[in-house]
Amino acid sequence: QAQLVESGGGLVQSGGSLTLACSSSRYVSSFAAMDWYRQSSGKERELVARINDGGATNYADFVKGRFTISKDNSRNTFDLQMTNLQPEDTAVYYCHALRKDAYYWEDPDLWGQGTQVTVSS
């Protein structure tokens, strides 16, 4: 089945918080990078946050200071903590991972199915 599964989406008020979790059937330690993307209606999918295998993080400007990405190698999960949510954050959020251990004939990219985040005004 799915190798990445998102959870934690839902409906929140402006200024509220949600934490999204990505559960992996593979070892998180086998990923070179773990990402959260989002896609709003009528817009292109965009990178929100990234954490690499060494723990370094990068954030899109529009979430800097509000969102935090983290990973837990022991639980094989990576999370996106979202605070001060705004209506423009409304989107389907997807987790993504880049495998270090893929055979050359395999696609190293893994995607979750997405979870809806809706922020009301």
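As the structure is a computational prediction, the values presented were derived from the model and not from experiment.

**Student:** Any chance you could explain the nonpolar core here in plain terms?
**Tutor:** One broad trend across soluble globular proteins is that nonpolar side chains are buried collectively. Judged by nonpolar contacts, the single largest core of 28 residues is most densely connected at Leu 4, Trp 36, Phe 67, Leu 80, Met 82 and Tyr 93. In terms of residue count, the dominant contributor to this core is strand S9 (residues 91-99) (four residues). Those residues in contact with Leu 80, other than ones at most four positions away along the chain, are Leu 18, Thr 19, Leu 20, Trp 36, Val 48, Ala 49, Phe 67, Thr 68, Ile 69 and Tyr 93.

**Student:** Could you clarify how one ought to interpret a nonpolar patch on the surface in this entry?
**Tutor:** A cluster of nonpolar side chains, Tyr 103, Tyr 104 and Trp 105, forms an exposed patch at the surface whose accessible area comes to about 510 Å². Among the structural elements, Tyr 104 can be located in the loop between S9 and strand S10 (109-111).

**Student:** What should I look at first to understand the packing of aromatic side chains in this one?
**Tutor:** Each aromatic ring pair is summarised here by two numbers: the centre-to-centre distance and the angle between the ring planes. Under the definition given, this model contains four aromatic pairs. Ring centres of Trp 36 and Phe 78 lie 6.0 Å apart, and the angle between their planes is 65°; on these two criteria the pair is classed as edge-to-face. One end of the pair, Trp 36, is in strand S4 (residues 31-39); the other, Phe 78, is in strand S8 (residues 77-82), with 42 residues separating them in the sequence. Given the relative accessible area of 0%, Phe 78 is considered buried. Taking the centre distance of 4.7 Å and the plane angle of 10° together, the rings of Tyr 103 and Trp 105 count as stacked. On the accessibility criterion, Tyr 103 (52% relative accessible area) is exposed. Overall, Trp 105 belongs to the exposed group, its relative accessible area being 58%. In this structure an aromatic cluster arises from ring pairing among Tyr 103, Tyr 104 and Trp 105.

**Student:** Looking at this model, I keep getting lost on the sheet that holds strand S1 (residues 4-7). Mind explaining?
**Tutor:** Strand-to-strand pairing in sheets goes through backbone hydrogen bonds, with the strands running parallel or antiparallel. A sheet is described by the order of its strands in space; here four strands give the open sequence S1-S3-S8-S7, paired in antiparallel fashion. Among the strands making up the open sheet, the edge pair consists of S1 and strand S7 (67-72). Sheet twist, expressed as the mean angle between neighbouring strand axes with direction ignored, is 15°. Note that S7 and S8 share six bridges and pair antiparallel. Among the inter-strand pairings, Thr 68 is bridged to a residue of S8, identified as Gln 81.

**Student:** Is there a simple way to think about unusual backbone geometry in this case?
**Tutor:** Phi is mostly negative for residues that are not glycine, and the peptide bonds are mostly trans. Phi angles above zero are rare outside glycine, and Asn 76 is one such case at about 55°. Mapped onto the secondary structure, Asn 76 falls in the loop between S7 and S8. Residue Asn 76 is classed as buried on the basis of its relative accessible area of 15%. In this structure, Asn 84 is a non-glycine residue whose phi angle is positive, near 45°. One can find Asn 84 in the loop between S8 and S9. On the basis of relative accessible area, Asn 84 is assigned to the partly exposed category, the value being 40%.

So, how was this worked out
- Residue numbering note: each chain is counted from 1, following its sequence as written.
- Local features in this predicted model are restricted to residues of pLDDT 70 or higher, and side-chain atom pairs are both shown and tallied only at a pLDDT of 80 or more, whereas totals for entire chains, interfaces and linings draw on every residue.
- Side-chain numbers come from the whole structure's heavy atoms, not from hydrogens or water.
- To define a nonpolar core, start from buried Ala, Val, Leu, Ile, Met, Phe, Trp, Tyr and Cys residues and group those joined through side-chain atoms within 4.5 Å.
- Each residue is assigned to one of three classes by its accessible area relative to the maximum for its type, calculated with a 1.4 Å probe on protein chains only: buried under 20%, partly exposed between the two thresholds, exposed over 50%.
- Put simply, DSSP marks the helices as runs of H or I at least four residues long and the strands as runs of E at least two long, and each gets a number from the N terminus on.
- Whether two residues are in contact is decided by their heavy atoms, any of which lying within 4.5 Å being enough.
- For patch detection, residues must exceed 30% relative accessible area and be free of salt bridges, and they are connected within 9 Å for like charges or within 5 Å for nonpolar side chains (Val, Leu, Ile, Met, Phe, Trp, Tyr).
- To be clear on the numbers: accessible area is Shrake-Rupley with a 1.4 Å probe, and residue cover counts the displayed protein chains and nothing else.
- In what follows, salt bridge is the name for a side-chain nitrogen of Lys or Arg lying within 4 Å of a carboxyl oxygen of Asp or Glu.
- The aromatic pairing rule takes the rings of Phe, Tyr and Trp, using the six-membered ring of Trp, and pairs them if the centres are within 6.5 Å, calling planes under 30 degrees apart stacked, those over 60 edge-to-face and the rest tilted.
- For two strands to be treated as a pair, DSSP must find no fewer than two bridges joining them.
- Angles shown run from 0 to 180 degrees and are taken between the N-to-C directions of axes, each axis being a line fitted to C-alpha atoms and, for helices, limited to the stretch in contact.

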